[in-house]
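Residue strings, one per chain:
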Amino acid sequence: MIESKFYNKKRNNNSVSNNILKNIIRTFITKCLITIIITLVLLIIFKVDRDFKSSFNKYVYNTSLPFTDFKDLYDSFFKGTTTTNQENNSIDVFTEKLSYSNASLYKDGVKLTVSSNYLVPALESGIVVFIGEKDDYGKTVIVQQMNGIDVFYGNISSNVNIYDYVEKGSLIGESIDDKLYLVFQKEGKNVNYKEYLK
């Protein structure tokens, strides 16, 4: 009697372990087949539709990704998750408004006359989306503002990193000489600078 209970229990354990092994093998084979099918479909798309590849590249490299929309979405879900102690401990070291002595049209924007080695403040809060050289503007920082306007700060040495979030009035960089170039764009089209330099 005891032997039969032992054998029944052993047989049940073997059948359970066999079922688990079968499920693992079945899952592995299913994942392999799905991966093969997806790979084949992608290969067919890229082989057959050469326009797809060029339009994909054009969209990725010529379209600006609205990082500020992602930040708004993030803030809407996680607003208030930081503790008040953390917010109270942060001290603004640099908060300025833009000051200049002269403004004149220049290419797609405006050329401002500022003091030599002027510390350039952010006009509005936003995310740094570009740091590098731009033709006719020299070293440039582009900030995608929370209001949807992209601002090019030209002829400055950067004090920020790519994808940094900058507050209004915080330091963007230092002018290389006494000229600061600004370009304002909305959805890739230039807009009048006078609306934003009030």
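Up top you'll find the structure we're talking about.
What comes next is a walk through the structure. Just so we're clear, the structure is a prediction, and the values are computed from it rather than from any experiment.

### Regarding the overall build of the chain
The helix and strand tally for the chain stands at four helices and 11 strands. Within the chain, contacts between residues separated by at least 24 positions form 59% of all contacts whose residues are at least 6 apart in sequence. Of the roughly 14700 Å² of accessible surface on the chain, a fraction of 56% belongs to carbon and sulfur atoms.

### Regarding the pairing of strand 6 (residues 149–154)
With six of its six residues buried, strand 6 lies for the most part within the structure. On strand 6, burial covers both faces: Ile149, Val151 and Tyr153 on one face and Asp150, Phe152 and Gly154 on the other are all buried. As defined by bridge partners, strand 5 (residues 138–145) adjoins strand 6 across five bridges and the pair is classed as antiparallel. What sits directly across from valine 141, in strand 6, is tyrosine 153. Between the end of strand 5 and the start of strand 6, which pair antiparallel, lie three residues, with glycine 148 showing a positive phi angle near 90°. Note: strand 6 against strand 10 (residues 179–186), six bridges, orientation antiparallel. Each residue of the ladder has a partner; that of phenylalanine 152, found in strand 10, is valine 183.

Criteria and cut-off values
Residues numbered from 1 in each chain as written. Predicted model: local features only at pLDDT ≥ 70, side-chain atom pairs only at ≥ 80, totals over all residues. Heavy atoms only, no water. Helix = DSSP H or I, 4+ residues; strand = E, 2+ residues; numbered from the N terminus. Contact = heavy atoms within 4.5 Å. Areas by Shrake-Rupley, 256 points an atom, 1.4 Å probe, with all protein chains shown as cover. Buried < 20%, exposed > 50% of the residue type's maximum accessible area, 1.4 Å probe, protein only. Pairing = 2+ DSSP bridges.

Scope: geometric values only; no functional claims are made or implied.
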